[in-house]
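A closer look at the structure
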Amino acid sequence: MPRRRRTADVAVLRPCLPSPLREVADERFARHGVRLLLKRDDLIHPDLIGNKWRKLAPNLRAAAGRTLLTFGGAYSNHLRATAAAGRLLGLGTVGVVRGQELAGRPLNPSLARCAADGMRLHFVDRSTYRRLSEPEVLAGVLCAADAEDAYVVPEGGSNSLAVRGCRALGEELRGRADVVAVACGTGGTLAGLAAGLAPDQRALGVAVLRGDFLAGETAALQTLAFGGRRGDWAVETRFHCGGYARTTEELEAFARDFESRHSLPVERLYVAKLLYGLVALTEEGAFPRGTTLAAVITGTPFPLPDHGRLPPAGRGHAASR
């Protein structure tokens, strides 16, 4: 497929900003005296959805027409968004995919979408992928991918430019809610969101991966972007449902019910875990009566991997990003 113009002018994509903020009536919150608002970042752009727009737009400008190279797993929302940006702006894209064993298999729906949008896929073994932060390992991967001159965007799109881009999300919510919650994979959106909120507001990240590393990564990203910690924020780690790209029958039932209640398509890997966690926290009394709670809807549904659905008690599978 021939490439169209090469441009860094993301304004030509006509994003819907600021994204809508809508209150929903849900008795699971109302009976505890909590108002629930949905920040509909899923409506920013049909292809660059939610925090993917906020993270990618400043990096697309910085790339200034160069090929973009980035990283992700087999079902990475970030890879799909980067590939879509390349198609829309006529830019070359390379996706470094975790899992050399995938190279000889048919592409799953997520990677097939990337390829259809013109992304060149380069598979690496999992050991190498874990070491991509080491300069010599990264240099070797860039060479092997024939992309030594590419503009490199980290996994999940989270770098200092992305964090500063996500600060606008917090600024759009100033004075609109007491607590703003967002699902977290790499911490970049939370880092920017918290920095943009007013001093009397609090940001809450709901981790979609197992482990206690996200608070440290979020703090490190804020230091990289702003020189130190910004805003009042915390990370909740109990609602990952087995890890990234994992879910349970209980979570699936919750997502279907939320869709039925509010006519909102619920993305399973991030948004469902966020909303599920907020219901549980509300029932635990985590938010005082009178609290206005805003949930950031960062994505729309995409097919899950076949192995993604676990039984309700399943907690023993390795997480992946």
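Everything here concerns the structure above.
Residues numbered from 1 in each chain as written. Predicted model: local features only at pLDDT ≥ 70, side-chain atom pairs only at ≥ 80, totals over all residues. Heavy atoms only, no water.

Pairing within the open sheet is mixed, and its six strands lie in the order β1-β2-β11-β7-β8-β9. Each edge of the open sheet carries a strand with a single partner, namely β1 (21-24) and β9 (232-236). If you compare each strand with its neighbour and ignore which way they point, the axes differ by 25° on average. The sheet contact formed by strand β7 (residues 179-184) and strand β11 (residues 292-296) spans three bridges and is parallel. By the bridge assignment for β11, V179 is matched with L293. (Pairing = 2+ DSSP bridges. Helix = DSSP H or I, 4+ residues; strand = E, 2+ residues; numbered from the N terminus. Axes fitted to C-alpha atoms, helices over the stretch in contact; angles between N-to-C directions.)

Where helix α7 (residues 160-172) contacts helix α8 (residues 188-196), the two axes come as close as 6 Å, and the packing angle between them is 50°. Classified by the angle between their axes, α7 and α8 sit oblique to one another. Helix-helix and strand crossings are classified by hand; for α7 and α8 the assignment is right-handed. Contact with α7, carried on its side by V163, C166, R167, L169, G170 and E171, involves G188, T189, A191, G192, L193, A195 and G196 of α8 and no other residues of that element. Its residues placed into classes, the contact of α7 with α8 shows six nonpolar, five polar and two charged. (Parallel < 35°, antiparallel > 145°, perpendicular 65-115°, else oblique. Left-handed = near helix turned anticlockwise from the far one by under 90°. Contact = heavy atoms within 4.5 Å. Nonpolar A, V, L, I, M, F, W, Y, C, P; charged D, E, K, R; others polar.)

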